[in-house]
Amino acid sequence: MSSAAERLLLASMHDVSPRFETEVDRLLELLEPYAGDRVALLVVPNHWGDAPIVPGSQFATRLRRWAEAGKEIFLHGYFHRDRGRHYTGRDRLRARLMTAGEGEFMGLSRQEAGSRIIEGRALLEDVIGRQVDGFIAPAWLYGQGARAALRDCGIPIAEDHLRVWSPATATELARGPVITWASRTPLRLASSLAAAAVLRHAPMRVLRIGVHPPDCRHPALLGSIERTFATARRARRAAAYADLM
Ligand SMILES: [Zn+2]
C-alpha cells in the first residue's frame, strides 16, 4: 500500500494478443528496467475475430506465466474492432476521429457489452487460473451500455483517457491524462511526442503510461517511451492498479 504523498507510475501494455506477440515481447523488454512486472497486460480474447487465444496453446501458457509473475491482467474488449452500426451522430464522429474503428465498446448495448465481458473474462480466467484485475475498453472508449455492463459485472477497476475508477464500488481511484503515443499520421506522431515530453514531468499523484504494438514501428517513438519511463521513475514508484484500491 502506498502512502498518500507517494507518487505512482502505472504502466500498461495494450493489445496483448497472439497477433502482436513479437511487438509485445519487444515492448516488455523495453519497459523491464523501469517497471519489471508492474506492467498491466490488456488482453484481447480474439483480436479482429481471427486471432483467438486458445486455452492450452503456447500463447495461453505465456499469459499464465506473466500472470503468475505478478503482472496484472485486464480484459481489453473482446474483438477490439468496432463493428457497431448503431451510433448516434456525435458518437460516430468521436469513434472515427479517435480510433480508426477500434472502439468496440463504444456502440454496444448493455446486454451485448455484458455478454462480451462475461465471455472474455471466463476465457482469460480459465487461461490464467485466477480472476482478472479489471476491464479497459479498446481505445478507452465506453458507451453508456458498456458503463452499465461494467457495473452489472462487478468489474473492480476500469480506466479511460482521464481517470481510473471502480465500477463495482462507483468510486474514482485516480485522475489525470494517460500518456500514450499515436503514429497513424506524421502529425499525430509529432504531437504525441510533444505531449509525452511535457506530461512525463507532470506532478499528479498517479502517472499512467500506455504503450501499443504499433509503437515498435517508429524509433523516435521508442526513444520517447524510454525517456518517459526513465524520467517518471526518478520521481515515482512503479505500482499496480490494485494499489489504488
Ligand atoms: Zn487496444
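Quick summary incoming for the structure in this document.

A short note on the coordination of the zinc ion
Within the first shell, the zinc ion binds the protein through Asp15 (OD), His76 (NE2) and His80 (NE2), at distances of 2.0 to 2.1 Å. Between consecutive donors of the zinc ion, the numbers of intervening residues give the motif D-x60-H-x3-H. In this pair, aspartate 15 is assigned in strand β1 (residues 8-16) and histidine 76 in the loop between β3 (73-75) and α3 (89-99), connecting sequence segments 61 residues apart. Look at histidine 76 and you get buried, because its relative accessible area is 0%.

What to know about the packing of aromatic side chains
Counting across every chain of the model gives 7 aromatic pairs. Judged by centre distance (6.4 Å) and plane angle (65°), the ring pair of phenylalanine 135 and tyrosine 142 falls under edge-to-face. The two residues phenylalanine 135 and tyrosine 142 agree in class, both being buried. Ring pairs connect the aromatic residues Phe105, Phe135, Tyr142 and Trp165, which therefore count as one cluster. Directly above the ring of tryptophan 48 sits arginine 81, whose terminal nitrogen or CZ lies 4.3 Å from the centroid.

With respect to the side chain of serine 166
With respect to the element layout, serine 166 can be found in strand β6 (residues 163-166). Separated by 2.8 Å, the side chain of serine 166 and the backbone oxygen of proline 156 make a polar contact. For serine 166, the residues in contact, after removing those within four places along its chain, are Ile155, Pro156, Thr171, Leu173 and Met245.

Description of the packing of helix α4 (residues 110-128) against helix α5 (residues 144-152)
In contact at an axis separation of 8 Å, α4 and α5 are set at 50° when each is read in the N-to-C sense. As the angle between them shows, α4 and α5 are arranged oblique. Considering how the two elements wind past one another, α4 and α5 form a crossing that is right-handed. Facing α4, whose interface residues are Arg110, Ala113, Gly114 and Ile117, α5 presents Gly145, Ala146, Ala148, Ala149, Leu150 and Asp152. Considered class by class, the residues forming the contact of α4 with α5 number 6 nonpolar, 2 polar and 2 charged.

Observations concerning the packing of helix α6 (residues 186-199) against helix α7 (residues 219-235)
Between α6 and α7, whose axes approach to 10 Å, the crossing angle comes to 15°. In terms of orientation, α6 and α7 fall into the roughly parallel class. Of the two possible hands of crossing, α6 and α7 adopt the one that is left-handed. Residues Leu189, Leu193 and Ala196 of α6 pack against Ala220, Leu221, Ser224 and Thr228 of α7. The class makeup of the residues in the contact of α6 with α7 is 5 nonpolar, 2 polar and no charged.

Focus: the pattern of salt bridges
Per the counting criterion, the structure on display carries 15 salt bridges. The shortest N-O distance in the salt bridge between arginine 116 and glutamate 112 comes to 2.7 Å. Of this pair, arginine 116 and glutamate 112 both sit in helix α4, separated by 4 residues, roughly a single helical turn. Of the charged contacts in the structure, one is a salt bridge between arginine 175 and glutamate 172, with a shortest N-O distance of 2.9 Å. Owing to a relative accessible area of 39%, glutamate 172 belongs among the partly exposed residues under this scheme.

Conventions adopted
Residues numbered from 1 in each chain as written. Predicted model: local features only at pLDDT ≥ 70, side-chain atom pairs only at ≥ 80, totals over all residues. Heavy atoms only, no water. Donors = N, O, S within 2.8 Å, 3.2 Å for Na, K, Ca; no water. Helix = DSSP H or I, 4+ residues; strand = E, 2+ residues; numbered from the N terminus. Buried < 20%, exposed > 50% of the residue type's maximum accessible area, 1.4 Å probe, protein only. Phe/Tyr/Trp six-rings, centres within 6.5 Å; stacked < 30°, edge-to-face > 60°. Lys NZ or Arg CZ within 6 Å of the ring centre and 35° of its normal. Polar contact = N/O pair within 3.5 Å; in protein donor to acceptor, adjacent residues only side chain to side chain. Contact = heavy atoms within 4.5 Å. Axes fitted to C-alpha atoms, helices over the stretch in contact; angles between N-to-C directions. Parallel < 35°, antiparallel > 145°, perpendicular 65-115°, else oblique. Left-handed = near helix turned anticlockwise from the far one by under 90°. Nonpolar A, V, L, I, M, F, W, Y, C, P; charged D, E, K, R; others polar. Salt bridge = Lys/Arg side-chain N within 4 Å of Asp/Glu carboxyl O.

The analysis is restricted to geometry; functional conclusions fall outside its scope.
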